[in-house]
Amino acid sequence: MSQRVLPPSAAIAWHNLSASDALSKIESAEAGLADSEAARRLEAVGPNVIQRAKGDGALKLLFRQINDPLIYVLLASAALAMAMGEAIDGAVVLAVVVLNTAIGFVQEFRAGKAIEALVDMVPQTATVVRGGQRSAIPAANVVPGDVVVIEAGDKVPADARLLSVKNLRVDESALTGESVPSDKHVAVVPEDAGIGDRKNLTFGGTLVTSGTATAVVISTGAATELGRISSMLHEATEIETPLTRSMAKVGRVLTIAIVAVALVIVGVALLRGYPPVDAMLAGISLAVAAIPEGLPAIITISLAIGVQRMARRRAVIRKLPAVETLGSTGVICSDKTGTLTRNEMTVRALWTPPAGAAGDGETLEVTGVGYAPVGELRRGGAPAGEAPEAVRALLRAGMLCNDARMKREGDAWGIEGDPTEGALVVAAQKLGVDAGATRREYPRVDAVPFSSELQLMATLHEAPGGDRVIFMKGAPEAVLGRVAIGEAERAHVMAQVERMAAQGMRLLAVASRPADRGAASLDEAHLAEGFALLGLEGMIDPPRPEAIDAIKACHAAGITVKMITGDHLATARAIGEQLGIVAEGGRAINGTELARLSEDELRAAVASTNVFARVAPEHKLRLVKALQAQGKVVAMTGDGVNDAPALKQADIGVAMGITGTAVSKESADVVLTDDNFASIQAAVEEGRRVYDNLVKALAFVLPTNLGEALILLVAVMTFPVLGGAPLMPITAVQILWVNLVATVALSLPLAFEAMEKDVMSRPPRDPSEPILSRFVLVRTAIVAVLMAAGAIGLFLYEYFTEVRGGVVSEVAYREAQTAAVTTVVLFQIFYVINCRSLRDSLLKIGLFSNPWIYVGIGALLALQLCFVYAPFMHTLFGSAPLPLDAWVRSTLVAMTILPVMSVERWWRLRRARRTAERERRTPTSDVRGVAGAMANRGA
Ligand code: ATP
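None of the values given here were measured: they were computed from a predicted structure.

**As for the overall build of the chain**
Argument step 1. Looking only at helices and strands, one finds 32 helices and 30 strands in the chain.
Argument step 2. Taken over the C-alpha atoms alone, the chain extends approximately 120 × 75 × 50 Å along its principal axes.
Argument step 3. Taking all 939 residues of the chain together, the buried fraction comes to 54%.
Argument step 4. Taking as baseline every contact in the chain between residues at least 6 positions apart, the subset at least 24 positions apart corresponds to 71%.

**Quick look at the site of the ligand**
Argument step 1. Of all residues adjacent to the ligand, which total 21 residues, the nearest are Lys336, Thr337, Glu421, Arg506 and Asp567.
Argument step 2. Taking Glu421, its side chain carries an N or O atom lying 2.9 Å from a nitrogen atom of the ligand.
Argument step 3. Ala475 places a main-chain nitrogen or oxygen 3.5 Å from an oxygen atom of the ligand.
Argument step 4. Looking at the shell around the ligand, the element that brings in the most residues is strand β21 (residues 506-515), giving 3 residues.
Argument step 5. For the shell around the ligand, the class distribution of residues is 6 nonpolar, 7 polar and 8 charged.

**Let's talk about the packing of aromatic side chains**
Argument step 1. Under the defined criterion, the tally for this structure stands at 12 aromatic pairs.
Argument step 2. An angle of 45° between the planes, with centres 5.5 Å apart, marks the rings of Phe848 and Tyr854 as tilted.
Argument step 3. Between the NZ or CZ atom of Arg765 and the centre of the ring of Tyr691, over which it lies, the distance is 3.5 Å.

**Examining the pairing of strand β20 (residues 468-474)**
Argument step 1. Summarising burial for β20: 7 of the 7 residues are buried, a large majority.
Argument step 2. Side chains Arg468, Ile470, Met472 and Gly474 of β20 all project onto a buried face; the interleaved residues Val469, Phe471 and Lys473 project onto the opposite face, where all are buried too.
Argument step 3. Relative to β20, strand β19 (residues 456-462) runs antiparallel, the two sharing 7 bridges. Within β20, the position partnered with Leu460 by the bridge is Ile470.
Argument step 4. Sheet analysis places β20 next to β21, joined by 7 bridges and oriented antiparallel. Bridging from a neighbouring strand, Val469 pairs with Pro514 of β21.

**What about the pairing of strand β5 (residues 159-171)?**
Argument step 1. Note: β5 against strand β8 (residues 207-219), 10 bridges, orientation antiparallel. The residue bridging Ala160 from the neighbouring strand is Val217, located in β8.
Argument step 2. Two elements, β5 and strand β7 (residues 201-202), share 2 bridges in a ladder whose sense is antiparallel. When the sheet's bridge partners are listed, Ala160 is paired in β7 with Thr202.

**Describing a nonpolar patch on the surface**
Argument step 1. A surface patch of nonpolar side chains, amounting to about 600 Å² of accessible area, comprises Leu59, Leu62, Ile66, Tyr72, Leu75, Met82 and Leu94.
Argument step 2. Listing elements by their share of the nonpolar patch, those giving two or more residues are α3 (58-66) and α4 (69-83).
Argument step 3. Tyr72 gets classed as partly exposed once you look at its relative accessible area, which sits at 42%.

**Here's the deal with the side chain of Glu421**
Argument step 1. Along the chain, Glu421 turns up in helix α13 (residues 419-430).
Argument step 2. Look past the residues within four positions of Glu421 in its chain and what remains in contact with it is Asn402, Asp403, Ala404, Met457 and Lys473.

**Observations concerning the pattern of salt bridges**
Argument step 1. For the structure shown, the criterion picks out 36 salt bridges.
Argument step 2. For Lys336, the salt bridge identified is with Asp567, shortest N-O distance 2.7 Å. Of the two residues, Lys336 is situated in the loop between β11 (331-335) and β12 (346-352) and Asp567 in the loop between β23 (560-564) and α18 (569-579); the sequence distance between them amounts to 231 residues. You'll find Lys336 and Asp567 in the same group, each marked buried.
Argument step 3. Of the charged contacts in the structure, one is a salt bridge between Asp467 and Arg517, with a shortest N-O distance of 2.6 Å. In this pair, Asp467 is assigned in the loop between β19 and β20 and Arg517 in the loop between β21 and β22 (532-540), connecting sequence segments 50 residues apart.
Argument step 4. Beyond isolated ion pairs, a larger network of salt bridges with shared partners links Arg313, Glu685, Glu686 and Arg689.

**Regarding helix α21 (residues 617-629)**
Residues lying three or four places apart along an α-helix face the same way, a consequence of the helix completing one turn every 3.6 residues.
Argument step 1. When the terminal C-alpha atoms of α21 are compared, their 19 Å separation across 13 residues agrees well with the 18 Å that a helix rising 1.5 Å per residue should span.
Argument step 2. For α21, the full list of buried residues reads Pro617, His619, Lys620, Leu623, Val624, Ala626, Leu627 and Gln628.
Argument step 3. Looking one or two residues beyond α21, the residue adopting positive phi is Gly631, at roughly 80°.

**Remarks on the sheet that holds strand β10 (residues 315-317)**
Argument step 1. The sheet built from 8 strands is open, its strands ordered β10-β28-β27-β26-β11-β23-β25-β24 with mixed pairing. Either end of the sheet is taken by a strand with one partner, and the two such strands are β10 and β24 (588-590). Averaged over neighbouring strand pairs, the angle between their axes works out to 20° when direction is ignored.
Argument step 2. Of the pairings in the sheet, the one linking β23 to strand β25 (residues 611-613) comprises 2 bridges and is parallel in character. Along β25, the bridge assignment pairs Ile564 with Phe612.

**Considerations on unusual backbone geometry**
Argument step 1. Of note, the phi angle at Arg314 is positive, near 75°, even though the residue is not glycine.
Argument step 2. By secondary structure assignment, the location of Arg314 is in the loop between α10 (295-312) and β10.
Argument step 3. Its identity is not glycine, yet Asp675 carries a phi of approximately 60°, on the positive side.
Argument step 4. Structurally, Asp675 is set in the loop between β28 (670-672) and α24 (677-718).
Argument step 5. Classification of Asp675 as buried rests on a relative accessible area of 5%.

The rules behind the values
- Residues numbered from 1 in each chain as written.
- Predicted model: local features only at pLDDT ≥ 70, side-chain atom pairs only at ≥ 80, totals over all residues.
- Heavy atoms only, no water.
- Helix = DSSP H or I, 4+ residues; strand = E, 2+ residues; numbered from the N terminus.
- Buried < 20%, exposed > 50% of the residue type's maximum accessible area, 1.4 Å probe, protein only.
- Contact = heavy atoms within 4.5 Å.
- Near = heavy atom within 4 Å.
- Polar contact = N/O pair within 3.5 Å; in protein donor to acceptor, adjacent residues only side chain to side chain.
- Nonpolar A, V, L, I, M, F, W, Y, C, P; charged D, E, K, R; others polar.
- Phe/Tyr/Trp six-rings, centres within 6.5 Å; stacked < 30°, edge-to-face > 60°.
- Lys NZ or Arg CZ within 6 Å of the ring centre and 35° of its normal.
- Pairing = 2+ DSSP bridges.
- Patch = residues over 30% accessible without salt bridge, like charges linked within 9 Å, V, L, I, M, F, W, Y side chains within 5 Å.
- Areas by Shrake-Rupley, 256 points an atom, 1.4 Å probe, with all protein chains shown as cover.
- Salt bridge = Lys/Arg side-chain N within 4 Å of Asp/Glu carboxyl O.
- Expected span 1.5 Å × (residues − 1).
- Axes fitted to C-alpha atoms, helices over the stretch in contact; angles between N-to-C directions.

Limitation: the analysis is restricted to geometry and does not speak to function.
See the structure below:
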């Protein structure tokens with residue numbers, strides 16, 4: 001083909017062309033492009049991606065840093081200080097605000113980028129036909145002229161003209177805002193039709209809600225309809241969460257309180273005879289002291305670190321609030337196949353109905369491991385030799401009514417397609433029914449694909465000799481409903497089904513019926529009745545060993561695991577027992593039964609049942625709602641197109657990265673890149689860690705703010721006013737030094753703190769519990785008082801000994817202030833070590849388990865030395881050099897925090913133990929393994 005680029009797609013009214021005209025216009029064919037031509041076009045038009053205006057723009061982010069009442073107070077303080085002639089103080093406050101804004105901006109920007117990068121971790125693929133062969137390729141490599149195959153659950157990869165459709169309905173709300181899915185067809189549409197009426201086109205980025213289709217791509221990437229409006233789209237990379245929102249609320253209340261106290265301080269200072277300028281400065285200092293300037297950055301960073309950690313453990317967060325919510329998850333509702341089990345189906349048993357009306361039929365065992373095409377048929381443990389004709393007919397139908405293929409993977413055999421179907425192909429192959437030959441013998445004419453609603457699939461074939469035949473396979477109940485047999489025989493077959501399912505086997509019933517000789521298409525109407533049962537195929541799908549462990553871990557953590565499956569009740573219960581979800585003979589319930597329950601009955605049922613079988617997607621939604629009505633935080637998995645409503649309703653919607661449909665991923669909060677239940681448990685664990693680390697950061701940061709405020713309050717109210725100048729242990733700019741340099745240097749490393757040992761042995765956090773818990777408040781009060789007392793004491797000691805020793809008052813004053821600041825900083829250093837674990841002592845968690853703490857401490861000590869000894873710091877901060885003995889005194893005073901914290905911990909744990917014991921004695925508590933668990937929050 002020539003090297004020229006194709007005509008600009010936008011100039012052509014594709015909807016007004018017939019399918020074949022569209023194909024020739026785009027220089028393609030039904031068999032698709034050749035690989036080489038596709039590569040050439042990719043080179044010419046570029047990848048099929050839309051550059052979206054991701055997240056918030058830089059300006060908006062910057063504005064968000066500044067648009068904070070606390071920052072306003074600081075800016076006002078700076079302006080006031082300047083107006084009063086305190087230029088250096090004003091400038092330092094300003095510089096600190098700028099620095100803080102810059103740090104916050106950079107961190108949030110990076111956090112935003114990290115979160116955006118997650119989008120790329122969930123691969124987008126498209127099915128294309130190239131050179132007559134179907135294959136799955138990255139959606140980014142789709143080019144104009146590609147013939148694409150789309151089906152329910154897919155995201156349409158690019159704008160395309162439909163070539164063939166079957167019940168195709170597409171949700172085009174991303175483009176048109178119309179939430180009702182649009183029916184599609186292939187007929188030509190008038191030229192003047194609007195976007196929503198171009199029923200023979202599908203648009204990139206829209207979601208297929210049902211049906212299947214083939215289509216030829218007409219434009220990709222930025223040239224698509226969605227690409228053209230992409231500047232209006234905002235990928236939702238919210239970096240706001242319930243926590244940051246409630247912190248912002250706390251911040252606003254705090255600001256009002258702080259401003260009020262600052263005004264009171266100004267009044268008191270004036271009454272005590274402070275010069276007006278000094279009275280104002282005291283007020284400003286208080287405001288600066290009490291505001292936790294570094295906190296927003298710390299929260300954002302902790303969340304971002306959590307997101308990255310979860311991604312490493314195969315749980316990609318799509319919506320940031322999920323990071324927090326995960327930590328309070330109380331119930332996980334999980335799909336069975338592939339998530340709790342391996343989704344490696346192997347047919348183990350075949351059953352064929354009795355030849356006459358009487359008899360039991362025959363159950364045969366299939367041997368052979370996994371996907372290897374060799375095996376044997378056994379009867380009562382002994383080799384059965386050649387498969388009888390009835391068995392061959394069963395295997396043949398199971399293999400033909402099927403979209404899976406066996407393929408060689410190096411030395412081994414694998415399957416392509418649905419593992420359930422793959423197992424049927426393998427079983428046929430093992431027992432000598434050759435796939436290739438049989439497919440040639442019975443070419444397929446049409447098919448009704450499997451859907452969880454129908455629970456079956458059917459295909460129309462041309463049989464040898466020209467007759468047409470329909471094969472059907474699916475859940476036994478669904479298939480038997482369409483088979484012509486009497487009640488007694490039906491009951492007999494169902495008893496056989498129960499027997500096999502009770503061994504944990506997934507069962508497929510297979511049936512067939514002749515069709516009209518000329519029949520060219522197949523739809524649901526042809527499947528109503530008249531089928532003859534060929535038999536049952538029973539397959540096993542072993543539980544994932546890691547899922548068994550993860551379920552144990554969840555139980556220890558007070559999290560209930562519920563299994564939701566489309567499988568038969570007996571199969572589900574057997575697998576549930578193997579997984580440890582349900583006790584032997586425990587309760588399991590069928591979807592049909594669920595559907596009959598009233599809301600109240602349903603609530604009672606979900607509380608006592610952990611296995612739900614034959615569940616349809618709409619049942620999932622009711623289940624989530626019933627669990628939520630009991631105040632539970634519910635995580636729910638889903639992979640199908642119809643799971644979207646349940647995923648949205650759940651507090652945490654979990655989609656499958658490998659097998660999940662695009663529709664389910666779009667609706668989910670979390671996507672598992674390995675489809676594994678164990679990854680949900682890992683994410684919950686990380687969620688709890690993030691929350692713990694936030695609590696630690698708060699428990700570390702807040703006491704310093706309160707402590708400094710106390711220092712100022714005490715000074716203004718009680719210290720002598722010497723010669724018209726008030727004595728202040730610490731100035732506004734020195735406070736900023738502590739709040740922004742020392743606090744941030746020490747609290748950031750807390751975000752890297754390892755998991756608490758009991759992280760998965762305590763009950764889930766009550767989502768309504770405030771983050772400023774009793775524990776944080778008590779801690780804040782104790783530490784603040786100690787810190788303030790230490791700093792004030794040393795300030796007075798240094799000042800009066802120096803003055804008495806004959807040192808000029810001004811120098812003594814600066815030295816004493818420097819000693820006070822150094823004491824506060826050293827207090828923080830000893831205290832941060834205590835904040836590393838909420839319940840365990842330092843020795844228990846390991847002195848060096850988080851080296852970042854020491855990096856933070858080292859950096860801070862270097863900075864503090866600068867503060868004390870560097871001349872330019874003296875100018876900026878009014879500090880002065882300290883003699884060695886002053887350092888020793890500060891260190892000793894700061895160390896008093898250690899015994900105090902030991903007593904606090906002992907008292908807290910004792911109290912928690914007592915609460916736990918009391919709870920154990922009250923039978924109403926439904927939480928397992930919670931001894932000592934409340935310790936963490938000191939509830
Ligand atoms: P889970 O929710 O645990 O993943 P599931 O997704 O395996 O369960 P479905 O896929 O809805 O459940 O399957 C329900 C039933 O439909 C199965 O028990 C089986 O009998 C039948 N079935 C599954 N796959 C097919 C298929 N490809 N063709 C025909 N019938 C099928």
